[in-house]
Amino acid sequence: MNGEIAAILAMDGIASGAIYVLIGLGLVLIFAVTRVIFVPFGDIAAFTALSLASLETGGRPGTVGLVAVLAILATAVEATALVRNRALHRLPRALLFYLVLPLVPAAAVWFAAGTTLSMPLRIVLSLALVLPIAPLLDRIVFRPIADASVLLLLTVAVALHFALSGLGLMFFGPEGVRTKPLTDTVFDVAGLIVNGQTLLILAASIAFCGLLFLYFEFTIQGKALRATAVNRIGARLVGIRPTSTGTIAYLLASLLAGISGVLIAPVTTIFYDSGFLLGLKAFVGAIIGAMVSYPVTALGAVMVGLLESYTSFWLSAYKEVLVFGLLIPVLLWRSLSFSGTEEEEAEE
Amino acid sequence: MALLSIDQVTVAYDKVEAVRGVSLAIEPGQIVTVIGPNGAGKTTLLGAAIGLLPWRGRMSFDGIDLRRLDVEARIERGFCLVPETRELFGDLSVSDNLLLGGYSRRRDSAGLKQSLTDVYGRFPRLSERRDQKASTLSGGERQMLALGRALMVKPRLLMLDEPSLGLAPIIVREVFRIIASLRELGVSILLVEQNARAALETADFGYVLETGEIVHSGAASALMHDPRVTASYLGGHHDAGLEARGPKRMSGPGGPRSEEGELR
């Protein structure tokens, strides 16, 4: 391997790492606020890519049906809860949030089908289509068991992933898609040819990490999300509703996943079930960050991307094996350093 | 009309009734204390009142049936709890903790700024440590932060669970001085304490809770002289030499008493 190949592989690795960063941060965000390891999270990215591809060919994305089904289910669940608590006065609000808002982009896409839309409009529409999926799933599946153990929540999330894969196959079909590149520009950086697409991925990833940081550090809503993650009872006692911060976390994370879906769609062929592997690799990054640290998660995700890129050159057959094999030393190191801190605390 | 009215409330963990048929009332501007031994159900009662535990019976705050309000809606109406466990945001700075205390008033930024200045004025210690993480504070500072965070809500009724627990005597005195001074802000207080003497010295009215039931109640000054209360909670007879934990004198309406020390 010469320097040039190494540089190309590094570029590739960082680009896919940047995608895992976005998904990994979303995973950590959802886990911190709701204690749910949201296994179907990669699916959100894949569904965005599939919706975008479908809009490109002038079709009606399967997301429309998926969102409609979920919105009706969530509204039914919420309405039942309101009736049971004799809080019917909150019904109009519930209808707005669980039925009308999710269905607005779906309706827009439904009526726009067949017409050719500009690229930015297509991207915005696909993102808007996908955004409600995770919050709706949260309302239907997780909120009724919000106080359950992390293990139970994880088990439910795994089951949810299988259900969602099935729905994905039903609504999107088995074909793989690839969207048009977002940009055709090619740069020549010190003799190395760099795709505009790669740079776009990097720029988007860095920009969204920065925005997330600003949100957490400088806005009251962002701080409320952190507060919920640190202490749920404490949050309730100052009037922060964990259900609301949970919804915000799901929305924000879905936006990150959606962006990564838009970015990855032109470089990789995406199937209805491609999301699982995306999510799993991002999860390796999140594990490196111990599901709590955003910066370490980002670093871990880039590491996963690089490892994947280099192993695909040397040992392409073992690419996935090595990436997931990385979990073992990381978990060992984590468990060792973890027991270390526990001892320190015991000594205090 | 009572600000908080608790009427025949029962709180059960599965089948064990930790609080049985308790009734009490707090008038606006009043400081009311509930004293009693460990495990009497004091914390359980507060948990039910704030909406963290399920309960049976009738409770209303400011005339609103509490069944209709969840925890967050209570906070929005100025009904707060500072729990025994404080429940601070350990990873966040002191100033962020206070800022989030005002979460329910987040649209009133001018009012929040004013409240923040007030809290820093009341607790200069918190002002000095405003950029420190809450988890690095000492026990007394934590209690002050918990109180300060609750004041950011602009409370009308503040429920304090064991505010003196685990604090050094000098800090305990400080905490009770602050509680008494909250009266000037027009804040009503429901104070739950094992430090019965300090609590009764601060309060207007008192209830004694034993094994989930109210066994005595009355004006705080009367309770302090009630032999049944003094025997169990105020260190028996008026002989000196007991460990001094509480404040020597409180200038509250609980009436002057200065002879002996403190129980426990």
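To be clear, the structure that these remarks concern was listed above.
Residues numbered from 1 in each chain as written. Chains lettered and ligands numbered in written order. Predicted model: local features only at pLDDT ≥ 70, side-chain atom pairs only at ≥ 80, totals over all residues. Heavy atoms only, no water.

(A) Representation of the overall build of chain B. Of regular secondary structure, chain B possesses 10 helices and 10 strands. Split into buried and exposed, the 264 residues of chain B put 56% on the buried side. For chain B, long-range pairs separated by at least 24 residues make up 67% of all intrachain contacts whose partners lie at least 6 apart in sequence. Split by element, the accessible area of chain B, about 11000 Å² in all, is 50% carbon and sulfur. (Helix = DSSP H or I, 4+ residues; strand = E, 2+ residues; numbered from the N terminus. Buried < 20%, exposed > 50% of the residue type's maximum accessible area, 1.4 Å probe, protein only. Contact = heavy atoms within 4.5 Å. Areas by Shrake-Rupley, 256 points an atom, 1.4 Å probe, with all protein chains shown as cover.)

(B) Seen up close, the nonpolar core. The biggest cluster of nonpolar side chains holds 81 residues, and the ones touching the most others in it are L4(B), L158(B) and I189(B). Once you skip the residues sitting within four places of it in the chain, L158(B) turns out to touch C80(B), V82(B), A150(B), L151(B), L182(B), V187(B), S188(B), I189(B) and L190(B). Among the nonpolar cores identified, the runner-up in size contains 78 residues, and F38(A), A74(A), I140(A) and F216(A) belong to it. (Core = buried A, V, L, I, M, F, W, Y, C linked by side-chain atoms within 4.5 Å.)

(C) A look at the sheet that holds strand β7 (residues 157–161) of chain B. All names here are of chain B. In spatial order, the strands read β6-β7-β8-β3-β9-β10; together these six strands make up an open sheet with mixed pairing. At either margin of the open sheet sits one strand with a lone partner, and together these are β6 (79–82) and β10 (213–219). Pairwise comparison of adjacent strand axes, ignoring direction, gives a mean angle of 15° for this sheet. Note that strand β3 (residues 31–35) and strand β8 (residues 188–193) share five bridges and pair parallel. Within β8, the position partnered with V32 by the bridge is L190. Where helix α6 (residues 139–151) meets the sheet, its contacts fall on β6 and β7, and the angle it forms with β6 comes to roughly 170°. Sheet contacts for helix α7 (residues 169–182): β3, β7 and β8; angle to β8, the most-contacted strand, approximately 150°. (Pairing = 2+ DSSP bridges. Axes fitted to C-alpha atoms, helices over the stretch in contact; angles between N-to-C directions.)

(D) The arrangement of a nonpolar patch on the surface in detail. Residues and elements named next belong to chain A. A contiguous nonpolar surface patch, about 670 Å² in accessible area, is contributed by I5, F313, W314, L315, Y318, V321 and L322. Among the elements of the structure, α13 (294–314) and α14 (319–325) are those that each provide at least two residues to the nonpolar patch. Residue position: L315 is located in the loop between α13 and α14. Residue class for L315 comes out partly exposed when judged on its relative accessible area of 41%. (Patch = residues over 30% accessible without salt bridge, like charges linked within 9 Å, V, L, I, M, F, W, Y side chains within 5 Å. Salt bridge = Lys/Arg side-chain N within 4 Å of Asp/Glu carboxyl O.)

(E) Structural view of the interface of chain A and chain B. At the interface, 19 residues of chain A touch 25 residues of chain B. For the pair chain A and chain B, the summed buried surface comes to about 2100 Å²; carbon and sulfur atoms form 62% of the total. Of all residues in chain A, R236(A), L237(A) and V238(A) give up the largest surface area on contact with chain B, accounting jointly for 32% of the area buried on that side. Put simply, chain A and chain B have five salt bridges between them. The shortest N-O distance in the salt bridge between D70(B) and R241(A) comes to 2.4 Å. (Buried area = accessible area lost by both parts, 1.4 Å probe.)

(F) Spatial organisation of helix α5 (residues 119–130) of chain A. In a regular helix each residue adds 1.5 Å, so 12 residues correspond to 16 Å; α5(A) covers 17 Å between its end C-alpha atoms and thus fits that length. Of the surrounding secondary structure, the elements contacted by the buried residues of α5(A) are α2 (41–56), α3 (63–84), α4 (91–112), α6 (133–142) and α11 (242–264) of chain A. (Expected span 1.5 Å × (residues − 1).)

(G) The arrangement of the pattern of salt bridges in detail. All names here are of chain A. Inspection of every chain in the model, using the stated rule, returns 21 salt bridges over all chains. Note that E78 and R139 form a salt bridge whose closest N and O atoms lie 2.5 Å from each other. Separated by 61 residues along the polypeptide, E78 in helix α3 and R139 in helix α6 bring together distant segments of the chain. Of the two residues, E78 and R139, neither departs from the other in class, the shared state being buried.

(H) Representation of the environment of V100(A) within the structure. In this structure, V100(A) sits in helix α4. Distance in space between the C-alpha atoms of V100(A) and A71(A) is 8.5 Å, their sequence separation being 29 residues.

(I) Quick peek at unusual backbone geometry. Positive phi, close to 55°, is recorded for A290(A), a residue that is not glycine. Summarising the element assignment, A290(A) is placed in the loop between α12 (274–288) and α13. The backbone phi angle of T211(B) is positive, close to 35°, even though this residue is not glycine. Following the sequence through the fold, T211(B) ends up in the loop between β9 (205–210) and β10.

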